[in-house]
Amino acid sequence: MQLNTNPSGALHLALAAATASLLGSAHAEGLRPSADWRVDSAVLVYQEGDGRVRAIEPIVSMRRTDSADHSMGLRVTFDSLTGASPNGAVAQPTAQTFTNPSGKGGGYTTSAGTAPLDPRFHDQRVALLGSYERPLGEGQRISFASNVSNEHDFSSLSFSTSFAQDFNQKNSTWSLGLAAEFDRIRPEGGVLAELKPAFGASTRVTDSDTRRVVDLLAGFTQVMSRSWLMQANYNLGRGTGHHSDPYKVLSVIDGTSGLVTGDQYVVESRPRSRTRHSVQLQSKWHLTKDVIDASYRYYRDDWGLSAHTLDTRYRFELGGGMHLEPHARLYRQNAADFYRTWLTEGRDYNSAGSQSVLPYASADTRLAAFNATTLGLKFGMSLSRGQELSLRVESYRQKLKEPAAAPGALQGLQLMPNLRATTLMLGYSVPF
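The rules behind each value
- Residues numbered from 1 in each chain as written.
- Predicted model: local features only at pLDDT ≥ 70, side-chain atom pairs only at ≥ 80, totals over all residues.
- Heavy atoms only, no water.
- Salt bridge = Lys/Arg side-chain N within 4 Å of Asp/Glu carboxyl O.
- Buried < 20%, exposed > 50% of the residue type's maximum accessible area, 1.4 Å probe, protein only.
- Helix = DSSP H or I, 4+ residues; strand = E, 2+ residues; numbered from the N terminus.
- Phe/Tyr/Trp six-rings, centres within 6.5 Å; stacked < 30°, edge-to-face > 60°.
- Lys NZ or Arg CZ within 6 Å of the ring centre and 35° of its normal.
- Contact = heavy atoms within 4.5 Å.
- Polar contact = N/O pair within 3.5 Å; in protein donor to acceptor, adjacent residues only side chain to side chain.
- Pairing = 2+ DSSP bridges.
- pLDDT = per-residue confidence, 0-100.

Section: the pattern of salt bridges
Stage number 1. In total, this model carries 21 salt bridges according to the counting rule given.
Stage number 2. Residue R204 pairs with D207 through a salt bridge whose shortest N-O separation is 2.1 Å.
Stage number 3. Judged by its relative accessible area of 48%, R204 falls in the partly exposed class.
Stage number 4. The partner of D301 in a salt bridge is R274, and the shortest N-O contact between them spans 2.8 Å. One end of the pair, D301, is in strand β17 (residues 291-301); the other, R274, is in strand β16 (residues 273-286), and 27 residues separate them in sequence.
Stage number 5. R274 sits in the buried class, given a relative accessible area of 2%.
Stage number 6. Taken together, the shared-partner salt bridges in this structure form one network comprising D245, E268, R270, D364 and R366.

Shown next as structure tokens:
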């Protein structure tokens, strides 16, 4: 399993979605659903290139809004992931052999000249989300949500609440959300000593570890005109506890030859706390028929990682209840302060005493500097009795920054292979 580098990712997205829904609510002011319940279902298939990770994710969501405008929701998600995942080691001119994190058999060998991939990557996750929303008074709404998820080596429990207040004749809305998440990490082979040998002589510290995350989200939505809405969100997140990925290693190499040496591979290490800030600006324009949705997000944390995201969608109304929605997303991030493609023997790490000179180090490419582009297209159509059917296809391309001045045998090898992935999502919605 690969732990999310943003440990509160799911919770943060849930909070952001709750606030962002205000952008759409202005169009539905005074409207009530035509049925008590609405069921949204979808199946997502995600496939990375070069035989890497494949994910299949069915989702079923139910929501009911009564005559008093009280809403209850329930969502069930099941993830199944298989394939090969980068283990963090650097490519070598010869084949490399790895064992389980516990050092007990079940090894695998990677080809010469390629970035090592662990072909045994697999995981299954079940998640259940419940939510409740109701008006409090004139122009006020409050919502509550709880989420529980479980994997074979990871479990999570979260709670969130948000409050929204309309004013300025309902042309303006401010909102505030608070969430807490509690995680338990149970890696295969236990939690190993960080920045120590990863295989054979690896030291198990404990069977499991924990992490706690708190998120605060503040938002403001403004109706600029009859056809223009704007929103600004600010998110502050703080996580404490285990943040390292127990399945990621770093190669220890000779600074001249570029070959692995000494202890060869060590367990990665990340700080046990992380503070995150992000600001998002979003705007929607309703044209004569079509809708444009554009947003910009800036992210920064105390690991030294910062990122910029531009996202835009254009919904074409084709008539006959059909629409087409192109999607483009541009993403760029720099590397975390402690990101290293490898550790150099004698400079970063001393195998004689199995001691690292650095307090933290990770070769996880999700913490590296890279640019990414997502291009997609969604087709949707309305059916009889309020039913809707949609199909979305997206292509993702990630280009990693190659390390400068690779030593010896590493020169000429592709140390940071680019990533390509395709996403297919089929959705169906029905009232009853």
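Section: the packing of aromatic side chains
Aromatic ring pairs are defined here through the distance separating the ring centres and the angle between the ring planes.
Stage number 1. All told, the structure shown has 12 aromatic pairs when counted by the stated rule.
Stage number 2. A centroid spacing of 5.9 Å and a plane angle of 65 degrees characterise the contact between F98 and F199, whose relative ring orientation is edge-to-face. Within this pair, whereas F98 is found in strand β4 (residues 96-98), its partner F199 is found in the loop between β10 (191-192) and β11 (204-206), the two being separated by 101 residues in sequence.
Stage number 3. In this structure an aromatic cluster arises from ring pairing among F98, Y108, F199 and Y265.
Stage number 4. A cation sits over an aromatic face here: R274 above W303, 4.0 Å from the ring centre.

What to know about the environment of Q333
Stage number 1. One can find Q333 in strand β19 (residues 322-333).
Stage number 2. Distance in space between the C-alpha atoms of Q333 and A368 is 7.8 Å, their sequence separation being 35 residues.
Stage number 3. Apart from the residues lying within four places of it in its own chain, the contact partners of Q333 are L305, S306, A307, R366, L367, A368, A369 and F370.
Stage number 4. Among the polar contacts made by the side chain of Q333, one reaches the main-chain carbonyl oxygen of R366 at a distance of 3.0 Å.
Stage number 5. A polar atom in the side chain of Q333 sits 2.7 Å from the backbone oxygen of A368.

Regarding the pairing of strand β6 (residues 117-137)
Stage number 1. Strand direction decides the pairing type here: strand β3 (residues 71-86) and β6, joined by 15 bridges, are antiparallel. Each bridged residue has a counterpart across the sheet, and for L74 the counterpart in β6 is G130.
Stage number 2. For β6 and strand β7 (residues 140-151), the ladder comprises 11 bridges, and the chain directions are antiparallel. Along β7, the bridge assignment pairs R134 with I142.
Stage number 3. Remark: two residues form the turn of the hairpin made by β6 and β7, two consecutive strands paired antiparallel; G139 in that turn has positive phi of roughly 70 degrees.

So, the pairing of strand β13 (residues 228-241)
Stage number 1. Across the two faces of β13 the burial differs, with L229, Q231, N233, N235, G237, G239 and G241 buried and W228, M230, A232, Y234, L236, R238 and T240 not buried at all.
Stage number 2. Sheet topology places strand β12 (residues 209-225) next to β13; 14 bridges connect them, and they run antiparallel. From the neighbouring strand, L217 faces β13, where its bridge partner is N235.
Stage number 3. The turn linking β12 back onto β13 is made up of two residues.

Some words on the confidence of the model for the protein
Stage number 1. Chain-level statistics for the protein give a pLDDT mean of 90 and a share of 90% at 70 or above.
Stage number 2. Taken together, the stretch residues 1-34 has pLDDT below 50 and engages in 80 contacts with residues farther than four places along the chain or on a different chain.

Thoughts on the environment of S362
Stage number 1. As for its placement among the helices and strands, S362 is situated in the loop between β22 (355-356) and β23 (370-382).
Stage number 2. Measuring from C-alpha to C-alpha, the distance between S362 and G88 comes to 7.8 Å, with 274 residues separating the pair along the chain.
Stage number 3. In contact with S362, other than residues within four places in its own chain, are L250, E268, S269, R270, F338, Y339, R340 and L367.
Stage number 4. There is a polar contact of 2.6 Å between the side chain of S362 and the side chain of E268.

A short note on the sheet that holds strand β14 (residues 249-253)
Stage number 1. Strand order in this open sheet of three strands is β15-β14-β20, and the pairing throughout is mixed. The two strands at the open ends of the sheet, each matched to only one other strand, are β15 (260-267) and β20 (343-344).
Stage number 2. Pairing between β14 and β20: two bridges, direction parallel. Within the sheet, the bridge partner assigned to I253 lies in β20 and is T344.

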